[in-house]
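Structural characterization, general
This is what each chain is made of:
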Amino acid sequence: MPAAPGVDFISSFSPAVLLFTAGTPLTQSPLTSSTQCFTFPIINDNLVEVVEDIQFGLINPTGLIDPAGLNSQATVFINIDERAEFQLDMAAYTIAESGGALNVFALIANGAVLGIAIEVTVSTASSNPLSAVAPADYATSTMVFTFNPANSGPMLLSIPIVDDAVLESDETFRVVLSVNGPFAAVASAVNPFDSPVTILDNEAVRFNIALQSSEVPESAVNAVLVISPLDAIPGPSDLTLLVSTAPGTAAATMDFTPLSAVQVTFPVGASGPMTVNIRIIDDNFVEGRETFSVAVTSGDPRALISGSPATVAIIDDDRIIYGFTTGTYSVTEGSGPMTVTLRLEPGSGIPLTTFTALVSTTPGIATVPGDFTGLADFPVGFPALSVPGSTQDFFVSITNDAVPELTESFSLRVGTNDPDVLVATEFATCIINDDDRPVVGLQQIVYNVDEEMMPGQIEVCVQIFSPGSIPVPVSVDFTTQPGTAMAPMDYVALPVPNMVTFPAGSVTGTSRCVDITIINDNVLEMNGENFFVDITTSGNAVVSPGRDRATIIFAETNDLIVCNFDPTNGPTVVEDDTTVEVCIICNSNSLSPSSSITLQVISSGGSATGKAGLDYNAVTGNPPLVFTAGNTRQCVDVTILEDPIVENPETIILVAVPGAALPPGVSIGPGTTVTIQDDDALPIRIVPPPTDVPEGGGPALVCVEVVSGQLASGVTAVVNLATRGGSANAPADYTSVSMALTYNSGNTGNMLCISIPIEDDNVCENSETIFVDLTSTDPNAITVPPTSTSVTITDNDVAQVALTNADPNEFADGAYIVTECADEGFYFDISITNSVIKGPGVSCEISVETESGTAGSSCDYVTLDATCILDSSNSDCEFHIEILDDFTAEMTEYFFISLTSNDPTRCNIANDNITIRVIDDEDCDDEDVCGAFEMCEELRCPRNFTCRPIGPDIGDDPHFAVTLESGKTLCYTVQGEHGFAFNLISNQKVYMNAMFVPDRDREEVTWLGNMGIVVNNNGYKKSNMTKLRFEAIKNKIHVDDQMVLDARNIEKITIQNGKLTISEAPPMEGYKQPFVRVDLKDVELSFSVKFMTEHLDLYWHSTGQNLADSHGLIGQFFHHDVVLDEVRKILMIPGKEPVPIQRKPVWAFMEREAMDSSNYCWVAMNPGFQGEGLIDGTYFDYLVDDVLSTEFKFKKL
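Residues numbered from 1 in each chain as written. Predicted model: local features only at pLDDT ≥ 70, side-chain atom pairs only at ≥ 80, totals over all residues. Heavy atoms only, no water.

The name given to the chain in an unreviewed UniProt entry is FRAS1-related extracellular matrix protein 2, and the organism recorded there is Geodia barretti.

Okay, here's the thing in structure tokens:
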């Protein structure tokens, strides 16, 4: 191969000139010749190439060289000393087990290959004993690559890696590069040629996280987390998990010791579980069940953890322990309320919130309210964070009843509904120590005796003055004390002691007496000698002031003076008297002019409620009563107090005591009792019912209430409430009630009621009245106005009115059938079917009118316009409609009977529009042209009519329902061939197209199938159009061919200013047909699409002014010049003959909202099969390519 100048060698001459001169000696050679040399550099190009040569030639311009005799040509060969070095692209490879294949490249490390081909081999080889094994882990691969000038690499070897789904350590094998030939070598150690490959295992170690117990008591030291590997830990390294806690209702550091990324390391090969302890803190707070969570994570991809996080529930073991501080409390009756203390016991938990104990009392010997005020679940609160030993006091009111009695007791109980609370001392006994002692005194404090009296003894008595009975025995000691009379000369002294005893239970006025012997000493003495009798008691009783000593006065004469209360006045008084006069009579005529008797009258108890200051003013003896000679009668006034309390009779005890020293021979008699008769009565009145009672609305309540005043304990007041008939009668309308209502001291603030059952009688009637009267025969009760009221029963019955007794009674497809030739016509009744009418002025007024359909009034039947009055005397009305035989062959015709109620709330019509079908009795030769709708003009017969081709029977479900400018709704049907798309609406803003699909049962009947809407948002650039396509069978809505909506989840689609808004519907329950509303705001067009099983229904809500320039099968009726004439029942369209219309019920409006009035639409009757006579042109004029076409332009517009 020729060497290239400048590449393989450097030529410094071009050409080189050698000059030989004659006569020049050549010393280098013995030859007689001359030698010239030249040199040229060889370039070391570091290229691996074939042997190259350089050609030299001699040229003698003088021609002196003999080419034949000399070597004029020479060749120089350049032998190469380079070798190409090869290497792998990486010193080590790593690939995931799921990586698929490892790509290894062989490439030239040094040099370039020119002119020769070099073979390089790359192959796989096994590694150490833990290495990957072929073919289980990888596929053995070898590839020989040829490097040449046309292909200098790098060269690719792809080694398949096997994903074995085995949990194992990372594995290795080697990739080795080798070369062949003298011109190639493996790169030095600096460049890789034997590279290890590590396969990273992609199977994870499964760990299960669980708690030894998900609930631990607060006293437990630890919650134990168990981490269990379900597989042995693979190499090459240990696997570390991190454990952390997170607070829940339990707080870190307060309820447990938190963990944060605590390492748990499983060594290679380990398969047993490891545990982690979480310290539980046992506090003293009552806090209930608390939780925290513990999570296990790992940054090692080999770990697959389940059961994390786990929830630990700490079960609180602290309880509030409390109770009474003692089991017995005592109080003196007159010392005020009893203080009772509750205490949190040692060892009690600390409440975190206010803790409330509930205290209740139970009467024992002590009763409520006579001795104390009872408690029922009385709350006693301990504030939050109260520590053990904390106390809370509460008080029980003690009644100071001024009645001597034994020590009494009642019990206390404390409790709570809180399960975290324990009661240490649940019960306590409360003792009331009585401070009222029985009062005793001498019945008489002055005795006048005569020495000569017989039998020679005087009886001195002691009496109980305190109210009620005494609870314990009372002993009284009588002693005699000398005065001017001396024992034993004038009397016999009583022995010491000389006791009399009142047994327990003795009542007021009980007396005990002793006899004292008087000595008749037959000695003439002065009048007025005296001695004394004293009484003393034990500590459980007291002596009435002024009645602890009786004076015994001797008289030598029979002129003794005795002062007694006058029995003829004051024993009984009515409460409303201002005062009562009480008098004392003294036979004081024997008094000397210089002597006088001074007495004081004082009040000394009585019955329990007759206390001074409540029922009367206390009598204290001022002013005193003074008796002189001849003045034998003196009186005092006792003021009686009026109160509003109704109570039993009460008593006042009055006694006379000396106001000054009594003259000799004067004695005072026993006291007297005044009885107060109560004059109060509890005023009670009726509370009128607040509202009327509906007939089926349950019982009526009539109540009474107390106007003012109150009842004393144990006193009742009884009134009676009774019903009596008004316009309502028992038992037909209500159940009679007569009931006694009783008030006592505890319920005077309440209303007491009777319940009057009301009957539901299924009778249409006026409202009826019940009277209720309040009476009383109890003197404790007085009735005050109002004492009578009324209850109004409002009727709830609605009469159901219907057409009945039809004759003929043939009924099919929602209509009565009558034949045109029927001689007598159609007979029927209007009747009430569910109830009766009762009472004056109650009636149902029903208007009965006929309305024409395809049958014309006065042409096919005689018009009926009548009124039916149904009342208590008339339960039905009979009507007759004459059917006219017109002797014309025609199709079946129909008309309507319309029923209207003047008061739907009283009289409801079950079916207010009844269809009558008239079957023609003439034969028709050409059914296609006969039987068209005939227009009766000016009710003339026979009629002139035009036969049109018979259109489809739309029944009660038309294709289209369009709201006209007048607000009336036009319904019509156009039967096109199925499979073709046609235009509904077209204008500058919106295109709306649909496709006909066949009815599954009637091939000649079609419905609307798929439908498309194209809204032009800005001009006609396609990017500015919004497209909607509705699919009936799949319930799908396609938006711009980019989004598919499930119609069952959509409630409304709105397009405005190019913006599409989709409103989702609530979830549908059970089977329900989707109903999607579409609002095109820019053109003020609103309608709804109902997805039926195999077709779509359209319901129009509103059309705006922007649609007046529209066309299409629907759009052409948006024009202002389409007029619906209700009177003549025609639709007038410019350029067309009037189209007959009829108002009739339509199924579409029964399901949704009606555009005209309830459930009705104006139906175009018998247009051509494809709309002839109603629409512009025919159906074929509206065909378009598909439902999203925007190319429609009406050909005849």
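Still more ground to cover, so stick around.
Side note on the overall build of the chain
Applied cut-off: Per the convention used, a helix needs a DSSP run of H or I reaching at least four residues, while a strand needs a run of E reaching at least two, with both numbered from the N terminus. Only protein chains enter the calculation, and the probe is 1.4 Å; a residue is then buried if its accessible area is under 20% of its type maximum, exposed if over 50%, and partly exposed in between. Only the protein chains shown count as cover for residues, and the accessible areas themselves come from Shrake-Rupley with a 1.4 Å probe.
Counting secondary structure elements, the chain contains one helix and 92 strands. Per-residue burial for the chain yields a buried fraction of 43% across its 1197 residues. Carbon and sulfur atoms make up 52% of the accessible area of the chain, which totals about 57700 Å².

Some details on the nonpolar core
Quick note on the threshold: What makes a nonpolar core is a set of buried Ala, Val, Leu, Ile, Met, Phe, Trp, Tyr and Cys residues whose side-chain atoms join them at distances within 4.5 Å. Whether two residues touch is decided by their heavy atoms; if any such pair falls within 4.5 Å, the residues are in contact.
Residues Leu984, Met1011, Ile1013, Phe1087, Phe1117 and Leu1131 are the most contacted members of the largest nonpolar core, which totals 64 residues. If we skip the residues at most four places from it in the chain, Phe1087 touches Met992, Met1011, Ile1013, Val1076, Arg1077, Val1078, Leu1080, Leu1098, Tyr1099, Trp1100 and His1101. In terms of nonpolar packing, the next biggest core, distinct from the first, is built from 33 residues, Cys764, Cys844, Ile881 and Ile914 among them.

Things to note about the sheet that holds strand 71 (residues 876–881)
Filter applied, for reference: We treat two strands as partners when DSSP finds at least two bridges between them. With axes taken as lines fitted to C-alpha atoms, and helix axes fitted only over the stretch in contact, angles between N-to-C directions fall between 0 and 180 degrees.
Read across the open sheet, the four strands follow the order 71-67-64-73; overall the sheet is mixed. Each having just a single partner strand, strand 71 and strand 73 (907–909) make up the two edges of the open sheet. Taken pair by pair, the neighbouring strands of this sheet meet at an average axis angle of 30°, ignoring direction. With three bridges joining them, strand 64 (residues 799–807) and strand 73 adopt parallel strand pairing. Bridging from a neighbouring strand, Val801 pairs with Ile909 of strand 73.

Points about the packing of aromatic side chains
Each pair of aromatic rings is reported with the distance of its centres and the angle of its planes. The line we're drawing: Classification of ring pairs rests on two measures: the distance between centres of Phe, Tyr or Trp rings, Trp counted by its six-membered ring, which must be within 6.5 Å, and the angle between planes, read as stacked under 30 degrees, edge-to-face over 60 and tilted in between.
By the definition in use, this model includes 21 aromatic pairs. Aromatic side chains Tyr894 and Phe896 sit 5.5 Å apart centroid to centroid with 70° between the ring planes, which places their arrangement in the edge-to-face category. You can call Tyr894 buried: its relative accessible area is 14%. Pairing Phe1030 with Phe1091 gives two aromatic rings, centres 6.2 Å apart and planes at 40°, and the pair type is tilted. Placement of Phe1030 in strand 80 (residues 1025–1031) and of Phe1091 in strand 86 (residues 1085–1091) is noted, with a sequence separation of 61 residues between them.

Quick word on the side chain of Asp316
The line we're drawing: His residues and chain termini do not enter the charge count, which takes Lys and Arg as positive and Asp and Glu as negative. Salt bridges, as used here, are contacts in which a Lys or Arg side-chain nitrogen is within 4 Å of a carboxyl oxygen on Asp or Glu. We call two N or O atoms a polar contact when they sit within 3.5 Å, provided that within protein one can donate a hydrogen and the other can accept it, with sequence-adjacent residues counted only if both atoms are side-chain atoms.
Mapped onto the fold, Asp316 is located in the loop between strand 23 (310–315) and strand 24 (320–324). The buried charged residue Asp316 lacks any salt bridge partner; its closest oppositely charged side chain belongs to Arg319, at an N-O distance of 4.6 Å. Separated by 3.1 Å, the side chain of Asp316 and the backbone nitrogen of Glu287 make a polar contact. At a separation of 3.5 Å, a polar atom in the side chain of Asp316 contacts the main-chain amide nitrogen of Asp318. In this view, Asp316 contacts Glu218, Phe285, Val286, Glu287 and Gly288; residues no more than four positions away in its chain are not counted.

Description of the state of the cysteines
The condition is simple: Note that a disulfide, as used here, is simply two cysteine sulfur atoms within 2.5 Å.
If you walk through the whole model with that rule in mind, you get seven disulfides. Between the sulfur of Cys971 and that of Cys1161 lies a disulfide, 1.8 Å long from S to S. Here the disulfide of Cys971 and Cys1161 is right-handed, its torsion about the S-S bond being about 115°. Note that Cys971 is positioned in strand 76 (residues 969–972) and Cys1161 in strand 91 (residues 1160–1164), a separation of 190 residues in sequence. The exposure class of Cys971 is buried, given its relative accessible area of 0%. Cys844 supplies the cysteine sulfur nearest to Cys764, a cysteine that is in no disulfide, at a spacing of 6.1 Å.

Some thoughts on the pattern of salt bridges
One pass over the full model with this rule turns up 15 salt bridges. Between Arg1029 and Glu1031 there is a salt bridge; the shortest N-O distance is 3.6 Å. By relative accessible area, which is 22% here, Arg1029 ends up partly exposed. Residue classification places Glu1031 among the buried residues on the basis of a relative accessible area of 14%.

Section: the sheet that holds strand 44 (residues 572–574)
Within a sheet, adjacent strands bond to each other through the backbone by hydrogen bonds, running parallel or antiparallel. Read from one edge of the open sheet, five strands run 44-52-50-46-47, paired in mixed fashion. In this open sheet, the two strands that pair with only one neighbour each are strand 44 and strand 47 (625–627). Ignoring which end each strand starts from, the neighbouring axes of this sheet average 30° apart. The sheet contact formed by strand 50 (residues 650–658) and strand 52 (residues 672–677) spans five bridges and is antiparallel. Counterpart to Ile652 in the pairing with strand 52 is Val674.

Points about the pairing of strand 63 (residues 788–794)
When a strand is regular, its side chains alternate between the sheet's two faces. Side chains Thr789, Val791 and Ile793 of strand 63 all project onto a buried face; the interleaved residues Ser788, Ser790, Thr792 and Thr794 project onto a face where none is buried. Bridge count for strand 54 (residues 693–694) against strand 63 is two bridges, and the pairing is parallel. Looking at strand 63, one finds that Pro694 is bridged to Thr794. Inspection of the sheet shows strand 61 (residues 768–775) paired to strand 63 by six bridges, in the antiparallel sense. Opposite Phe771, over in strand 63, you have Ser790 as the bridge partner.

Focus: unusual backbone geometry
What is expected of a backbone is that most residues other than glycine have negative phi and most peptide bonds are trans. Cis geometry marks the peptide bond from Ser308 to Pro309, where omega comes out at 0°. With respect to the helices and strands, the residue Pro309 is situated in the loop between strand 22 (303–306) and strand 23. A cis amide bond links Ala487 to the next residue, Pro488, at an omega of 0°. The topology assignment puts Pro488 in the loop between strand 37 (474–482) and strand 38 (499–502).

Regarding the environment of Asp615
Relative to the assigned elements, Asp615 resides in the loop between strand 46 (597–606) and strand 47. When its relative accessible area of 3% is taken as the criterion, Asp615 is described as buried. Separated by 35 residues in sequence, Asp615 and Glu650 have C-alpha atoms that sit 8.6 Å apart.

Remarks on the pairing of strand 23
Of the strand pairs in this sheet, strand 15 (residues 215–217) and strand 23 are connected by three bridges, and their pairing is parallel. Bridged to Pro217 within strand 23 is Ile315. Across five bridges, the pairing between strand 21 (residues 290–297) and strand 23 is antiparallel. Residue pairing for strand 23: Val294 is matched across the bridge by Ala310.

Quick word on the side chain of Asn448
Inspection of the secondary structure puts Asn448 in strand 35 (residues 446–450). Since its relative accessible area comes to 14%, Asn448 is described here as buried. A distance of 3.1 Å separates the side chain of Asn448 from the backbone nitrogen of Val666, its partner in a polar contact.

Some remarks on the environment of Val268
Examined against the element boundaries, Val268 turns out to sit in the loop between strand 18 (262–266) and strand 19 (274–279). In this structure, the C-alpha to C-alpha distance between Val268 and Asp238, residues 30 residues apart in sequence, is 5.0 Å. Residue contacts for Val268: discarding those within four places in its chain leaves Ile233, Pro234, Gly235, Pro236, Ser237 and Asp238.

Describing a nonpolar patch on the surface
Selection criterion: To count toward a patch, a residue needs a relative accessible area over 30% and no salt bridge; like charges are then connected within 9 Å, while nonpolar side chains (Val, Leu, Ile, Met, Phe, Trp, Tyr) are connected within 5 Å.
Together, Phe980, Phe1180 and Leu1183 give the surface a local cluster of nonpolar side chains, amounting to about 250 Å² of exposed area. Within the secondary structure, Phe980 sits in the loop between strand 76 and strand 77 (981–986). Looking at Phe980, the relative accessible area reads 40%, which means it is partly exposed.

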